[in-house]
Amino acid sequence: MSKVEAFLTPSEESEIIEAIRHAERMTSGEIRVHLEAHTKMDPLDRAAQLFHLLHMDNTKHANGVLIYIAVEDKKLVILGDKGINDAVPNEFWESTKDHILTHFKQGDIKQGLVQGILEAGEQLQKHFPYTLDDTDELPNEISTN
Ligand code: CA
Ligand code: CA
């Protein structure tokens, strides 16, 4: 078992959670972050598995987005649900992914995630704007294995 503290200080963790809250004020979409040290699986397959395990495939508008990082493997996957993938072109997440990776390669996971989450919120806003009746369908916390 690893914990979030293995990857982030408590204050870094709070900054990331605040970024998720901020992003979700712009969009009805749900953003989650999952961190782990290492995966034996293909990172994309692992992200898809986590997407299901974290109940992210169960949102009303199918607009959940998972940012998955295998820290020691230096692998990053951004995975969107069907509603998003139907609405946006394939390269939708590429620039966000590049920006996260730039910070990540400099050893700054926190800054990469904060920026990535805010960019994801802005991009999601175009297709899934925030509505007053929106609910917070998925917890705004960082999960880990
Ligand atoms: Ca929501
Ligand atoms: Ca949420």
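Structure report, in brief. (Residues numbered from 1 in each chain as written. Chains lettered and ligands numbered in written order. Predicted model: local features only at pLDDT ≥ 70, side-chain atom pairs only at ≥ 80, totals over all residues. Heavy atoms only, no water.)

**A few points about unusual backbone geometry**
What you tend to see is this: most non-glycine residues have negative phi, and most peptide bonds are trans. Of note, H55 is a non-glycine position whose phi angle comes to about 60°, a positive value. Tracing the backbone shows H55 in the loop between α2 (43-53) and β2 (64-70). You will see that K74, though not glycine, has its phi angle at about 55°, which is positive. Inspection of the secondary structure assignment puts K74 in the loop between β2 and β3 (75-80). (Helix = DSSP H or I, 4+ residues; strand = E, 2+ residues; numbered from the N terminus.)

**A look at the coordination of the calcium ion (ligand 2)**
Within the protein, the calcium ion (ligand 2) binds to E24 (OE), E24 (OE), E30 (OE), D136 (OD), L138 (O) and N140 (OD1); these donor distances fall in the range 2.2 to 2.7 Å. Viewed at the metal, the 6 donor atoms of the calcium ion (ligand 2) are separated by angles of 51 to 173°, and the geometry they form is irregular. As a motif over one chain, the donors of the calcium ion (ligand 2) read E-x5-E-x105-D-x1-L-x1-N. Between the calcium ion (ligand 2) and the calcium ion (ligand 1), a spacing of 5.7 Å is present, and a bridge between the two is formed by E30. Of the two residues, E30 sits in strand β1 (residues 30-36) while L138 sits in the loop between α5 (109-127) and β4 (142-144), which places them 108 residues apart along the sequence. For the pair formed by E30 and L138, the shared burial category is buried. (Donors = N, O, S within 2.8 Å, 3.2 Å for Na, K, Ca; no water. Tetrahedral: all angles 85-135°; square planar, octahedral: opposite > 155°, others 65-115°. Buried < 20%, exposed > 50% of the residue type's maximum accessible area, 1.4 Å probe, protein only.)

Keep in mind these numbers describe shape, not what the thing actually does.
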